[in-house]
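Each chain, letter by letter, is given below.
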Amino acid sequence: MQSDVMVTSRSFDEYAAFFALDPNALPPRIIDVSAGAAGFTAEANRRGSRAVAVDPTYALEAEALTERVRAGITRGQGMIDDNHVRYTYAWYGSAEQRTRLRAAALADFLADRQDHPERYVTGALPRLPFDDDSFDLALCSHLLFTWADVFDEAWHDAALAELLRIAPEVRIFPFALRGAGDAIEFVPRVLDRLRRAGHGVEVRATAYEFQVDVKDVLVLTRGAAQSSKSR
Ligand SMILES: C[S@@+](CC[C@H](N)C(=O)[O-])C[C@H]1O[C@@H](n2cnc3c(N)ncnc32)[C@H](O)[C@@H]1O
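Because the structure is predicted, anything quoted here is derived from the model rather than measured. (Residues numbered from 1 in each chain as written. Predicted model: local features only at pLDDT ≥ 70, side-chain atom pairs only at ≥ 80, totals over all residues. Heavy atoms only, no water.)

Peer 1: In this structure, what is going on with the nonpolar core? I would like to understand it.
Peer 2: The nonpolar side chains of a soluble globular protein tend to be buried with one another. By size, the foremost hydrophobic cluster in this structure holds 38 residues, and its most contacted members are Leu 144, Phe 145, Leu 163 and Ile 172. Secondary-structure elements contributing two or more residues to this core are strand E1 (29-33), strand E2 (50-55), strand E4 (137-141), helix H5 (153-166), strand E5 (169-173), helix H6 (187-196), strand E6 (200-205) and strand E7 (216-221). With six residues, H5 is the single largest residue contributor to this core. Excluding residues that lie within four positions of it along the chain, Phe 145 makes contacts with His 156, Leu 160, Ile 172, Pro 174, Phe 175, Ala 176, Leu 177, Ile 184, Phe 186, Val 187, Val 190 and Leu 218. Listed in part, the 26 residues of the second largest apolar core include Ala 16, Phe 40, Phe 173 and Phe 210. (Core = buried A, V, L, I, M, F, W, Y, C linked by side-chain atoms within 4.5 Å. Buried < 20%, exposed > 50% of the residue type's maximum accessible area, 1.4 Å probe, protein only. Helix = DSSP H or I, 4+ residues; strand = E, 2+ residues; numbered from the N terminus. Contact = heavy atoms within 4.5 Å.)

Here you go:
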């Protein structure tokens, strides 16, 4: 298990905003990869999708997993405090509202994992335990790119190929480093290889902003070479 990586609990509302999803028109089969303790899967199922979450920490019992999330909250807050000029609460309204969303998402995740353990699958990129095309849409929040100091360029190539194997559309947010939101040197090369492999690579603007100026979601479409904006 990759223990350097924080385990966080973003809410359905945050996911809908930064993945540019219509909450009332979700695809039928969605996978949340590196889902951590996010509340997305619970709410997406309530909204009629068959959503599944995958994360290496699902090997842990609820208590140990909750402990990892609590440690992540402390560490995450320290990172925000250290880079406070690089964050904005405009989308959230306030720091307290962000904390409330995270706490509610954690509670929702824990209850849903207890009631529907089959929705929470233990697994890690770059090899996921699903057949080709098991899903219509794969989401990956706050793992690829933002942890580029932990996972190298070759790992990102392999992880992206794996995501495009299990779903024809993949959305990734963000694609800047955590903390100060620095650009990642290898992103243009990775995107270029995806284009040359024939995949659609779109950088789509969203209404979400927490790291200042980190607002775009990366939308990949298997085999549909096109680009709306280049990096
Ligand atoms: C910062 S958290 C994001 C959690 C959730 N997506 C959210 O936005 O709140 C990163 C997650 O990636 C998971 N992770 C670490 N290494 C992974 C890997 N190789 N494959 C998939 N997930 C991994 C961690 O366990 C952690 O839950």
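Peer 1: Teacher, can you tell me more about the environment of Glu 209 here?
Peer 2: Structurally, Glu 209 is set in the loop between E6 and E7. The class of Glu 209 is buried, set by a relative accessible area of 18%. The spacing of Glu 209 and Ala 90 is 119 residues in sequence and 7.5 Å in space, taken between C-alpha atoms. Other than its neighbours up to four places away in sequence, Glu 209 contacts Thr 88, Trp 91, Val 214 and Lys 215. Only 2.6 Å separates the side chain of Glu 209 from the backbone nitrogen of Asp 213, close enough to count as a polar contact. (Polar contact = N/O pair within 3.5 Å; in protein donor to acceptor, adjacent residues only side chain to side chain.)

Peer 1: It is not clear to me how the site of the ligand should be interpreted in this structure. Could you clarify?
Peer 2: Surveying the vicinity of the ligand reveals 22 residues, the closest of which are Thr 8, Ser 34, Asp 55, Leu 125 and Ser 141. Between the ligand and the protein, one listed contact pairs an oxygen atom with a side-chain N or O atom of Arg 10 at 3.0 Å. In the model, an oxygen atom of the ligand is placed 2.4 Å from a nitrogen or oxygen of the Ser 141 side chain. Compared with its free state, where it exposes 600 Å², the ligand has 97% of that area covered by protein. Its residues assigned to classes, the shell around the ligand comprises 12 nonpolar, eight polar and two charged. (Near = heavy atom within 4 Å. Areas by Shrake-Rupley, 256 points an atom, 1.4 Å probe, with all protein chains shown as cover. Nonpolar A, V, L, I, M, F, W, Y, C, P; charged D, E, K, R; others polar.)

Peer 1: Is there a simple way to think about the packing of H5 against H6 in this case?
Peer 2: Helix-helix packing: each pair is described by the crossing angle between the helix axes and the interaxial distance. Contact geometry of H5 with H6 gives a least axis separation of 10 Å together with a crossing angle of 40 degrees. Taken as a pair, H5 and H6 cross one another with a handedness that is right-handed. On H6, the residues touching Glu 153, Asp 157, Leu 160 and Leu 164 of H5 are Arg 189, Val 190, Arg 193 and Leu 194. Tallied by class, the residues present in the contact of H5 with H6 amount to four nonpolar, no polar and four charged. (Axes fitted to C-alpha atoms, helices over the stretch in contact; angles between N-to-C directions. Left-handed = near helix turned anticlockwise from the far one by under 90°.)

Peer 1: What am I meant to see in the packing of aromatic side chains here?
Peer 2: Describing an aromatic ring pair means giving the distance of the ring centres and the angle of the ring planes. Tallied over the full model, the rule gives 20 aromatic pairs. Ring centres of Phe 173 and Tyr 208 lie 5.6 Å apart, and the angle between their planes is 85 degrees; this geometry places the pair in the edge-to-face category. Of the two residues, Phe 173 is situated in strand E5 and Tyr 208 in the loop between E6 and E7; the sequence distance between them amounts to 35 residues. The class for Phe 173 is buried, based on a relative accessible area of 2%. A network of ring pairs unites the aromatic residues Phe 12, Tyr 15, Phe 18, Phe 19, Phe 40, Tyr 87, Tyr 89, Trp 91, Tyr 92, Phe 173, Tyr 208 and Phe 210 as a single cluster. (Phe/Tyr/Trp six-rings, centres within 6.5 Å; stacked < 30°, edge-to-face > 60°.)

Peer 1: I'm lost on the UniProt feature "domain: Methyltransferase type" (unreviewed entry) in the chain in this one. Help?
Peer 2: Listed under "domain: Methyltransferase type" (unreviewed entry) in the UniProt record, and renumbered for this structure, are residues 115-154. The distance from the first to the last C-alpha atom of residues 115-154 is 37 Å, and the span holds 8% helix and 20% strand. (UniProt positions renumbered as here; feature names shortened; annotations may be inferred.)

Peer 1: Would you mind showing me how to read the pattern of salt bridges here?
Peer 2: For side chains of opposite charge, pairing can occur when their charged atoms come near one another. Counting across every chain of the model gives 18 salt bridges. Salt-bridge contacts for Glu 153 lead to Arg 193; the nearest nitrogen and oxygen are separated by 2.8 Å. A residue pair is termed long-range when its members are at least 10 positions apart, and Glu 153 in helix H5 and Arg 193 in helix H6 qualify at 40 residues. Measuring nitrogen to oxygen at the nearest pair gives 2.6 Å for the salt bridge that ties Arg 171 to Glu 169. The class of Glu 169 is partly exposed, set by a relative accessible area of 22%. Each member of the salt-bridge network shares a partner with another, and the members are Glu 153, Asp 157, Glu 185, Arg 189 and Arg 193. (Salt bridge = Lys/Arg side-chain N within 4 Å of Asp/Glu carboxyl O.)

Peer 1: Just to check I follow, could you spell out helix H4 (residues 95-115) for this structure?
Peer 2: Counting along an α-helix, one turn takes 3.6 residues, and residues three or four places apart therefore face a common direction. Taking 1.5 Å as the rise per residue, H4 with 21 residues should run 30 Å; its terminal C-alpha atoms sit 31 Å apart, in good agreement. Taken residue by residue, H4 has Arg 98, Leu 101, Arg 102, Ala 105, Leu 106, Phe 109, Asp 112 and Arg 113 as its buried positions. One face of H4 carries all of its buried residues, which in axial projection span an arc of 140 degrees. For H4, exposure combined with an orientation more than 90 degrees from the buried face picks out Arg 100, Gln 114 and Asp 115. (Expected span 1.5 Å × (residues − 1). Arc of directions from axis to C-beta.)

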